[in-house]
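Each chain, written out:
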Amino acid sequence: MSTSDTNFDDAVRIQMVRLGAALYDRGLTPGRTGNLSVRTDDQIMITPTGACLGRLDATRLAVTTLDGQHIAGDRPSKELVLHRVLYRHHPMCTAVAHLHSTSAVAVSCLPDLNADDALPPITPYFVMRVGRLPLIDYAAPGSAELEKQVVRATELSRSVLMRNHGSLAAAASLENAVDAVEEIEETARLYLLLEGRSPAYLGEEDVADLHRRFPSTA
Ligand SMILES: [Zn+2]
């Protein structure tokens, strides 16, 4: 199947290349880490296995069925299985972003985090763009155990922090999914900067008020 026979036109391909380069240029997805995907009713387009997000080729992005069968472009990222879990549990979401960004990975290695919600509500933007961030235990990339844990976490939220690995977030558009993983990274950075200094976080009432004002974020 050629790229023109897939569900993904030039505009969405160019957007994925552009967003990948923007993440890479700002040091948010080093080396050949991280992956982005978008989906339609019957196909997923994802960055290829071993691809550097800073140098994606719009004509070689991997296209699969919703079951993960490869139908066009280069071979899909091995982390496609995690994207598919989020799509299955959040049918309104049409895009997923995954990063191994430094601060998010650093926080994921700390002891005594709340497994139901790994980062505190430091800013309203974190509450609005990410909401709840379940933390899952380490499991090898590509393993059935990692997939099982992501399934459990996505029952709670569209965003997940994977110990010793990175962040994963689904949203209604690729830009929003990228915003969410960037927000996780920025909040993780703030959390590390503030650690041990008794900072003031948003209170329960503030968070409830944000969910009332912006219901889609709850
Ligand atoms: Zn990964």
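Residues numbered from 1 in each chain as written. Predicted model: local features only at pLDDT ≥ 70, side-chain atom pairs only at ≥ 80, totals over all residues. Heavy atoms only, no water.

The name given to the chain in an unreviewed UniProt entry is 3-oxo-tetronate 4-phosphate decarboxylase, and the organism recorded there is Mycobacterium dioxanotrophicus. The Cofactor (unreviewed entry) field of the UniProt record for the chain holds the comment "Zn(2+)". (UniProt positions renumbered as here; feature names shortened; annotations may be inferred.)

Below, the discussion takes up the packing of helix 1 (residues 10-25) against helix 6 (residues 174-194). The geometry of helix 1 relative to helix 6 is characterised by a closest axis approach of 11 Å and an angle of 15° between their N-to-C directions. On the basis of their axis angle, the class for helix 1 and helix 6 is roughly parallel. Of the two possible hands of crossing, helix 1 and helix 6 adopt the one that is right-handed. Between helix 1 and helix 6, the contacting residues are Q15, M16, R18, L19 and L23 on the first element and L174, E175, V178 and E182 on the second. Classifying every residue of the contact of helix 1 with helix 6 gives 5 nonpolar, 1 polar and 3 charged. (Axes fitted to C-alpha atoms, helices over the stretch in contact; angles between N-to-C directions. Helix = DSSP H or I, 4+ residues; strand = E, 2+ residues; numbered from the N terminus. Parallel < 35°, antiparallel > 145°, perpendicular 65-115°, else oblique. Left-handed = near helix turned anticlockwise from the far one by under 90°. Contact = heavy atoms within 4.5 Å. Nonpolar A, V, L, I, M, F, W, Y, C, P; charged D, E, K, R; others polar.)

This part covers unusual backbone geometry. A negative phi angle is the norm for most residues apart from glycine, just as the trans form is the norm for most peptide bonds. Of note, the phi angle at D112 is positive, near 60°, even though the residue is not glycine. Along the polypeptide, D112 turns up in the loop between helix 3 (102-108) and helix 4 (124-129). Among the residues examined, D112 registers a relative accessible area of 76% and is labelled exposed. The residue N164 is not glycine, and still its phi comes out positive at about 55°. (Buried < 20%, exposed > 50% of the residue type's maximum accessible area, 1.4 Å probe, protein only.)

Let's shift gears to the environment of N164. Inspection of the secondary structure assignment puts N164 in the loop between strand 7 (159-162) and strand 8 (166-171). Here the alpha-carbon distance between N164 and S77, two residues 87 residues apart in the chain, equals 19 Å. Leaving out residues up to four positions away in the same chain, N164 has contacts with V105, S108, C109 and Y138.

Our next topic: the environment of Q149. Within the fold, Q149 resides in helix 5 (residues 144-154). Between the C-alpha atom of Q149 and that of I136, which follows or precedes it by 13 residues, the distance is 6.3 Å. Among residues more than four places away in sequence, those in contact with Q149 are I136, D137, Y138 and A139. Of note is the side chain of Q149, whose polar atom sits 3.1 Å from the backbone nitrogen of D137. (Polar contact = N/O pair within 3.5 Å; in protein donor to acceptor, adjacent residues only side chain to side chain.)

In this section: the nonpolar core. In terms of nonpolar packing, the biggest core is built from 25 residues, with M16, L36, V38, M45 and L174 touching the most fellow members. A total of 5 residues in this core trace back to one element, the largest contributor, which is helix 6. When residues no more than four places from it in sequence are discounted, the contact partners of M16 are L36, S37, V38, M45, T47, L56, L61 and L174. If you look at the next biggest cluster of nonpolar residues, it comprises 19 residues, including C93, V150, V160 and L168. (Core = buried A, V, L, I, M, F, W, Y, C linked by side-chain atoms within 4.5 Å.)

Turning our attention to the side chain of E79. Inspection of the secondary structure puts E79 in the loop between strand 4 (70-72) and helix 2 (80-89). Buried and unpaired, E79 has no salt bridge, with K78 as the nearest side chain of opposite charge at 8.6 Å. A distance of 3.2 Å separates a polar atom in the side chain of E79 from a polar atom in the side chain of H98. Residues contacting E79, with those up to four places away along its chain left out, are N35, H98, H100 and H165. (Lys, Arg positive; Asp, Glu negative; His and termini not counted. Salt bridge = Lys/Arg side-chain N within 4 Å of Asp/Glu carboxyl O.)

Below, the discussion takes up the side chain of E183. Summarising the element assignment, E183 is placed in helix 6. Overall, the relative accessible area of 10% leaves E183 in the buried class. A polar contact is formed between the side chain of E183 and the side chain of R129, at a distance of 2.9 Å. Leave out the neighbours within four places in its chain, and E183 touches T123, Y125, F126, R129 and V130.

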